[in-house]
Amino acid sequence: MLKNLIKHSLRSFKRQRSYIIINVLGLSIGIACSLFIALYVMNEASYDKFNTRKERIFRVIFNANLEGKDFNISFSPAVMGPTLLKEYPEIESFLRMNRIGPTEVEYNNQTFTEEHLVEADSSFFNFFSIPVIKGDAGNLLNAPRKVVLSSSTAKKYFGDENPIDKTLKLGSDTVRYTISGVMADLPENSHFEASIISSFMTNPESNDPIWFSNSFSTYLLLKPNSSYVTVVEKFPELIKKNVGPEVQKYMGISLNDFLAQGNKYRYSLQNLSDIHLDPSIQQQFKEAGDPKYLKILGSLAILIVLIAAINFMNLSTAQASRRAKEVGIKKVGGSTRGMLIFQFLTESFILSFISLIIALIFIKIALPYFNNLIGAKLALNLFASWYIIPFLILFTLVVGFLSGSYPALYLSAFNPYEVLKGRVKSSMQNGLLRRVLVIFQFAVSILLIVGTIIMYRQIKYMLNKDLGFNKEQILVINKAGALGTKITSFKETIKGIPGVINIVSSTAVPGRNNRTAAYKMEGGNNELLDLETNFIDYNYLETYGITLVSGRTFNKSFTTDQQACVINESAVKNFGITDLEKTRFTQPGDPNGKNYLQVIGVVKNFNFKSLHNQIGPYLFILKTDNILGGYLSVKLSAGNYSKTISAIESRWKEFTGNKPLEYYFVDKDFEQMYIAEKQNARMAVIFSILAVFIASLGLFGLTSFAVEQRTKEIGVRKAMGSSVTGIYGVISKEAIILISISALIAFPIIYFVAAKWLENFYYRISLSAFSFIAGLTIALGIAILTISYRILRAASINPAQSLKYE
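In this numbering scheme, every chain counts its residues from 1 along its sequence in written order. It should be noted that, the model being predicted, local features are given only for residues of pLDDT at least 70 and side-chain atom pairs only at 80 or more, the latter also being counted only at that level, while totals for whole chains, interfaces and linings use all residues. Heavy atoms from the whole structure form the basis of all side-chain values; hydrogens and water molecules are not counted.

## Quick notes on the overall build of the chain
Part 1 of the reasoning: Think of it this way: any DSSP run of H or I at least four residues long counts as a helix, any run of E at least two long counts as a strand, and we number them from the N terminus. Broken down by element type, the chain carries 24 helices and 22 strands.
Part 2 of the reasoning: Categorising residues by exposure relies on relative accessible area from a 1.4 Å probe, with only protein chains included: less than 20% of the type maximum marks a residue as buried, more than 50% marks it as exposed, and the intermediate range marks it as partly exposed. Taken over 806 residues, the chain has a buried fraction of 50%.
Part 3 of the reasoning: Of the contacts made within the chain by residues no fewer than 6 positions apart, 79% connect residues no fewer than 24 positions apart.
Part 4 of the reasoning: Only the protein chains shown count as cover for residues, with accessible areas throughout obtained via the Shrake-Rupley method and a probe of 1.4 Å. A total of about 37,400 Å² of accessible surface is found on the chain, and carbon and sulfur atoms cover 57% of it. Here, residues are in contact when the closest pair of their heavy atoms is within 4.5 Å.

So, in structure tokens, the structure goes:
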């Protein structure tokens, strides 16, 4: 029976070749889009899933509100892990980790920069399922100055040599580190990156007993059948016992009084699998992904498949008149309605599986380009898990059922008597459901087009907005501390290089902030005020083009400027400052409040963070010679950067003993802040184009059907004197009306979704009519181009031929 059904289906396909091609093409693109999105979503959702103990591993989260400032961070004190292991029977082990970041590594008179240096306790390999290639897994990090290299890092330094027991110089540490092991490279879907792991006990702060010092990430491995809720319920008592005495010691009040003032001090636990998709927590390692983007993409995948399925429904029902006689003859010949439904669904399933194969071939070819476009490392491996192929089969059956169920029910319901008498055709002229489905298709398409326009407008706004400082032509050198006390002479040398306008040093630069410090204002109510703090050179503000609003900047003519500061407009507004001359801040760490910083000037607000964030209070202090770390900002003249940079690099190596020069450009660095938005916008563009293309295929097919149905009408109109333009207007009018209705449905939905998305940015565009009108215009333009060829071709036929049709 199945063999006969397939045979009948193949004969049917031959008679409907053009419609089959359109259906398969639409379904293939729809399935491919959905699988692309599924690969991306699954990759984001799979972070840390490779760890075999993931259900029992939790990270400590510090959640607090101190002096009105909220903290939700993945940092905790060094003493916490050992304390919990000792006092809580639910804890099997603990692990502390600390991200060191870019570090100079020296071996065999060669210096490298390792971006991902991490400190970890000896329990690291007991927590994370990272294979150990060389060394004893239980003793890799159990002593100070032991390091484990990733496989690729070991290959880079030692080639095929055995690196065990060889030594490396890390950073400024004068004592060398011994290589105790080699591990496999960390998977891409790990929430942290590490090319070198050094023993945590090397860090002098590893034994810091201060509970106020939330500086490291602490992971807990719970014993089997233990509940993390039980552990969390004990945290208030832990805080009372250990944090309470420190509040009394450092702040002079009891913990109860501290909390009664509106402060909050809590710890909670986060499961390992939840880390990557929780952007509410400030991460020490990789930035967290946003689950709402995955929900949007998941919805998009469903909508695109629905658009493709609707194409199938529309085209199948639209050409029902061609198959009506076939249905009538089969019913007269004894076929039941159930048999016909089964046949039509079989045809749908066959086309769906053909579409799946084409989609998989397309994905295999296009995936490298897609990865390059969105900056991802997705891979298509059908045999990676047992459930992938069954899932694809089930997915294809669902798509086939969605596509073919209504046409099967519709076609199988024909009355054979009516069909054979030729009375079915007139009943199909109305096609109300087809119109509704076309409206849905183009509503989704317009929603995607308008959403993409809004995303790109916001990104363009972020990249081109006046940030309150000049980010162009500024090269920033990392690790100015490598120069030591020679920083002043280095700056003088660099100023002499052609193409260098100026060079200044600082402890922070826009986009790379140093720290937030707490100050008290003279005459205030003893309240702690948080200000981003930057120690800068003379001419720093001028080099960055930061505008002075009132007062003055630092000047060598004023010896008192060593005890002065410049603040921004947000500090003036937030702290209610009205008279600069009467405003002084107590410096951090001044217990007696005697060393004040006199405010001498106010600068215009500038975006020292991304546009996601509101501009907060900022304070500049003059940098003294004993502050050696930080950055060097080099203002370059327009021209040949490579020659100037080469000269700077040469001088740098002379001053630092051949250490590599690490630098970046400020404008490019700010662009990187919005990399996630740019990737999502690129994906939105790709899938919007494909969704519109699928909808247009359906519109083309429906227009072809409509033209065929109205061939005689077109001939009559031409014979009566209608022009090609007049006929074009009559037939295209319906498509224009349907797309206009689609826009009316799509506009309120995309307005709500876009407004929610824009709330992620403190500085954002307004939702103007331009984006919506542009979206409708694009959709109408594409639709008109799609149907024009078919209509104009039919309208140009000799009416004598048209009148003979049928």
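## Comments concerning the packing of aromatic side chains
Part 1 of the reasoning: We call Phe, Tyr and Trp rings a pair once their centres come within 6.5 Å, taking the six-membered ring for Trp, and we label the pair stacked below 30 degrees between planes, edge-to-face above 60, and tilted otherwise. Going through the model one piece at a time under the given rule, you end up with 39 aromatic pairs.
Part 2 of the reasoning: Geometrically, the ring pair formed by Phe-469 and Phe-606 is edge-to-face, given 6.3 Å between the ring centres and 85 degrees between the ring planes. Placement of Phe-469 in the loop between helix H14 (432-464) and strand S12 (474-477) and of Phe-606 in the loop between strand S19 (596-603) and strand S20 (618-622) is noted, with a sequence separation of 137 residues between them.
Part 3 of the reasoning: Judged by relative accessible area, Phe-469 falls into the buried class, the value being 7%.
Part 4 of the reasoning: Judged by its relative accessible area of 1%, Phe-606 falls in the buried class.
Part 5 of the reasoning: Of the aromatic side chains, those joined through ring pairs into one cluster are Phe-469, Tyr-540, Tyr-544, Phe-606, Phe-608, Tyr-618, Phe-620 and Phe-670.
Part 6 of the reasoning: Charge over a ring is defined by NZ of Lys or CZ of Arg lying within 6 Å of the ring centre and within 35 degrees of the ring normal. Over the face of the ring belonging to Tyr-177 we find Arg-145, whose NZ or CZ atom lies 5.8 Å from the ring centre.

## Re the side chain of Ser-771
Part 1 of the reasoning: Positionally, Ser-771 belongs in helix H23 (residues 769-795).
Part 2 of the reasoning: Accessibility expressed as a relative area gives 1% for Ser-771, which makes it buried.
Part 3 of the reasoning: Under this definition, polar contacts are N or O atom pairs within 3.5 Å; protein pairs additionally need one hydrogen-donor-capable and one acceptor-capable atom, and for neighbouring residues in sequence, both atoms have to be side-chain atoms. Of the polar contacts made by the side chain of Ser-771, one reaches the side chain of Arg-457; its length is 3.0 Å.
Part 4 of the reasoning: In this structure, Ser-771 is in contact with Val-450, Ile-453, Ile-454 and Arg-457, ignoring residues within four places of it in sequence.

## Things to note about the nonpolar core
Part 1 of the reasoning: Buried Ala, Val, Leu, Ile, Met, Phe, Trp, Tyr and Cys residues that are joined via side-chain atoms within 4.5 Å together make up what is termed a nonpolar core. Ranked by size, the top nonpolar core spans 110 residues in total, and within it Tyr-544, Phe-620 and Phe-687 carry the most contacts.
Part 2 of the reasoning: With 14 residues, the single largest contributor to this core is H14.
Part 3 of the reasoning: Formed by 26 residues, the second largest nonpolar core is a distinct cluster that contains Ile-73, Leu-220, Val-231 and Leu-269.

## Focus on the pattern of salt bridges
Working definition: two side chains of opposite charge can pair if their charged atoms are close together.
Part 1 of the reasoning: The working definition used for a salt bridge is a side-chain nitrogen of Lys or Arg within 4 Å of a carboxyl oxygen of Asp or Glu. Evaluated as defined, the whole model comprises 16 salt bridges.
Part 2 of the reasoning: Residue Lys-495 is joined to Glu-492 by a salt bridge in which the shortest nitrogen-to-oxygen separation is 3.6 Å. Here Lys-495 and its partner Glu-492 are both found in helix H15 (residues 487-495), three residues apart, which amounts to about one turn of the helix.
Part 3 of the reasoning: Taken together, the salt bridges that share partners define one network made up of Arg-53, Arg-56 and Glu-92.

## Brief notes about unusual backbone geometry
Part 1 of the reasoning: Positioned with a positive phi, Arg-145 is a non-glycine residue whose angle comes to about 60 degrees.
Part 2 of the reasoning: Take Arg-145: it is sitting in the loop between strand S5 (132-134) and strand S6 (146-150).
Part 3 of the reasoning: In this structure, Asp-165 is a non-glycine residue whose phi angle is positive, near 75 degrees.

## Description of the environment of Asp-625
Part 1 of the reasoning: Within the secondary structure, Asp-625 sits in the loop between S20 and strand S21 (631-636).
Part 2 of the reasoning: On the basis of relative accessibility, which here comes to 68%, the residue Asp-625 falls in the exposed class.

## Quick word on helix H18 (residues 641-656)
Part 1 of the reasoning: Taking 1.5 Å per residue as the helical rise, H18 with its 16 residues ought to reach 22 Å, and the 22 Å between its terminal C-alpha atoms agrees with that figure.
Part 2 of the reasoning: For H18, the full list of buried residues reads Thr-644, Ile-645, Ala-647, Ile-648, Trp-652, Phe-655 and Thr-656. Buried residues in H18, looked at end-on, bunch into an arc of 160 degrees, giving them a common side. The exposed set on the far side of H18, more than 90 degrees from its buried face, consists of Ser-642, Lys-643 and Glu-654.
Part 3 of the reasoning: Gly-657 sits one or two positions beyond H18 and adopts a positive phi of about 75 degrees. Helices are assigned an expected span. That span is 1.5 Å times one less than the residue count. Starting at the helix axis, one direction is taken to each C-beta atom, and the arc is that of these directions.

## A look at the packing of helix H3 (residues 80-87) against helix H7 (residues 235-251)
Part 1 of the reasoning: With axes taken as lines fitted to C-alpha atoms, and helix axes fitted only over the stretch in contact, angles between N-to-C directions fall between 0 and 180 degrees. One way to put it is that H3 packs onto H7 with a least axis distance of 13 Å and a crossing angle of 115 degrees. Seen from above, H3 lies across H7 with right-handed handedness. Within the contact between the two elements, H3 uses Met-80, Thr-83, Leu-84 and Glu-87 and H7 uses Phe-235, Leu-238 and Lys-241.
Part 2 of the reasoning: Broken down by class, the residue content of the contact of H3 with H7 amounts to four nonpolar, one polar and two charged. Here a crossing is called left-handed whenever its near helix is offset anticlockwise from the far helix by less than a right angle, and right-handed whenever the offset is clockwise. The nonpolar class holds Ala, Val, Leu, Ile, Met, Phe, Trp, Tyr, Cys and Pro. Asp, Glu, Lys and Arg form the charged class, and all remaining residues, Gly among them, are polar.

## Concerning the side chain of Asn-534
Part 1 of the reasoning: Its location among the elements puts Asn-534 in strand S15 (residues 529-536).
Part 2 of the reasoning: Taking the relative accessible area as the measure of exposure, Asn-534 reaches 0% and is therefore buried.
Part 3 of the reasoning: Side-chain polar atoms of Asn-534 contact the side chain of Tyr-540, separated by 3.4 Å.
Part 4 of the reasoning: Apart from residues lying up to four places away in sequence, Asn-534 is in contact with Ser-506, Thr-507, Ala-508, Tyr-540, Tyr-618, Leu-619, Phe-620 and Ile-621.

## Examining the layout of surface pockets
Part 1 of the reasoning: There is about 700 Å³ of room inside the second largest pocket.
Part 2 of the reasoning: Along its surface, the second largest pocket is lined by 24 residues, and Leu-39, Met-42, Ala-379, Ala-384 and Ile-388 are the ones closest to its centre.
Part 3 of the reasoning: Class assignment for the residues of the lining of the second largest pocket results in 16 nonpolar, five polar and three charged. A cavity here means a set of points on a 1 Å grid, drawn over the protein atoms and nothing else, where a 1.4 Å probe fits but cannot get out; a pocket is an open set with protein on both sides within 12 Å along at least five of seven lines, and a residue lines either one if it has an atom within 4 Å of a point. Grid points are joined across faces, edges and corners, and a volume is the space filled by probe spheres set on the points.

## Thoughts on the pairing of strand S10 (residues 217-222)
Part 1 of the reasoning: Within S10, six of the six residues are buried, which leaves the element mostly enclosed by the surrounding structure.
Part 2 of the reasoning: Alternating positions in S10 separate into two faces, Ser-217, Tyr-219 and Leu-221 on one and Thr-218, Leu-220 and Leu-222 on the other, with burial throughout.
Part 3 of the reasoning: We treat two strands as partners when DSSP finds at least two bridges between them. For strand S1 (residues 57-66) and S10, the ladder comprises three bridges, and the chain directions are antiparallel. Within S10, the residue paired with Phe-58 across the bridge is Leu-220.
Part 4 of the reasoning: For strand S3 (residues 91-107) and S10, the ladder comprises six bridges, and the chain directions are antiparallel. Within the sheet, the bridge partner assigned to Phe-94 lies in S10 and is Leu-220.

## What to know about empty space enclosed by the protein
Part 1 of the reasoning: Applying the stated criterion to the full structure yields four cavities of 30 Å³ or more.
Part 2 of the reasoning: In this structure, the second largest cavity spans a volume of roughly 60 Å³.
Part 3 of the reasoning: In terms of lining, the second largest cavity is formed by Glu-104, Val-105, Glu-106, Thr-111, Lys-169, Gly-171 and Lys-659.
Part 4 of the reasoning: Considering every element that reaches the lining of the second largest cavity, the biggest residue donor is S3, with three residues.
Part 5 of the reasoning: Here the lining of the second largest cavity is built from residues that sort into one nonpolar, two polar and four charged.

## Things to note about the packing of H15 against H18
Part 1 of the reasoning: Taken N-terminus to C-terminus, the directions of H15 and H18 make an angle of 155 degrees; their axes are 10 Å apart at the nearest point. Classed by the angle they form, the pair H15 and H18 counts as roughly antiparallel. Of the two possible hands of crossing, H15 and H18 adopt the one that is right-handed. Residue-level inspection shows Ser-489, Phe-490, Thr-493 and Ile-494 of H15 in contact with H18, the latter providing Ile-648, Arg-651, Trp-652 and Phe-655. Any angle between 65 and 115 degrees counts as roughly perpendicular, while under 35 counts as roughly parallel, over 145 as roughly antiparallel, and the rest as oblique.

## Quick look at H3
Part 1 of the reasoning: Those residues of H3 that sit buried are Met-80, Gly-81, Thr-83 and Leu-84. Across the axial projection of H3, the buried residues extend over an arc of 165 degrees, all falling on one side.
Part 2 of the reasoning: Lining the buried residues of H3 we find S1, S3, S10, H7 and strand S11 (264-271).

## A look at a nonpolar patch on the surface
Part 1 of the reasoning: Any residue with relative accessible area above 30% and no salt bridge may belong to a patch, with like charges joined within 9 Å and the nonpolar Val, Leu, Ile, Met, Phe, Trp and Tyr side chains within 5 Å. Taken together, the side chains of Ile-737, Ile-741, Ile-745, Ile-749, Phe-752 and Val-753 present a nonpolar region at the surface, about 510 Å² in accessible area.
Part 2 of the reasoning: As for its placement among the helices and strands, Ile-745 is situated in helix H22 (residues 724-758).
Part 3 of the reasoning: By relative accessible area, Ile-745 is classed as partly exposed at 41%.

## Here we look at the environment of Ile-57
Part 1 of the reasoning: With respect to the helices and strands, Ile-57 occurs in strand S1.
Part 2 of the reasoning: Using a relative accessible area of 0% as the deciding quantity, one classes Ile-57 as buried.
Part 3 of the reasoning: Dropping the residues within four chain positions of it, Ile-57 is found in contact with Phe-127, Tyr-219, Leu-220, Leu-221, Gln-270, Asn-271 and Leu-272.

## Let's talk about the pairing of strand S4 (residues 110-120)
Part 1 of the reasoning: Relative to S4, S3 is paired through nine bridges, and the arrangement is antiparallel. If you follow Met-97 over to S4, its bridge partner there is Ala-120.
Part 2 of the reasoning: In this antiparallel pair of consecutive strands, S3 and S4, the connection spans two residues, and Asn-108 shows a positive phi of 55 degrees.
Part 3 of the reasoning: The pairing of S4 with strand S9 (residues 196-199) spans four bridges and is classified as parallel.

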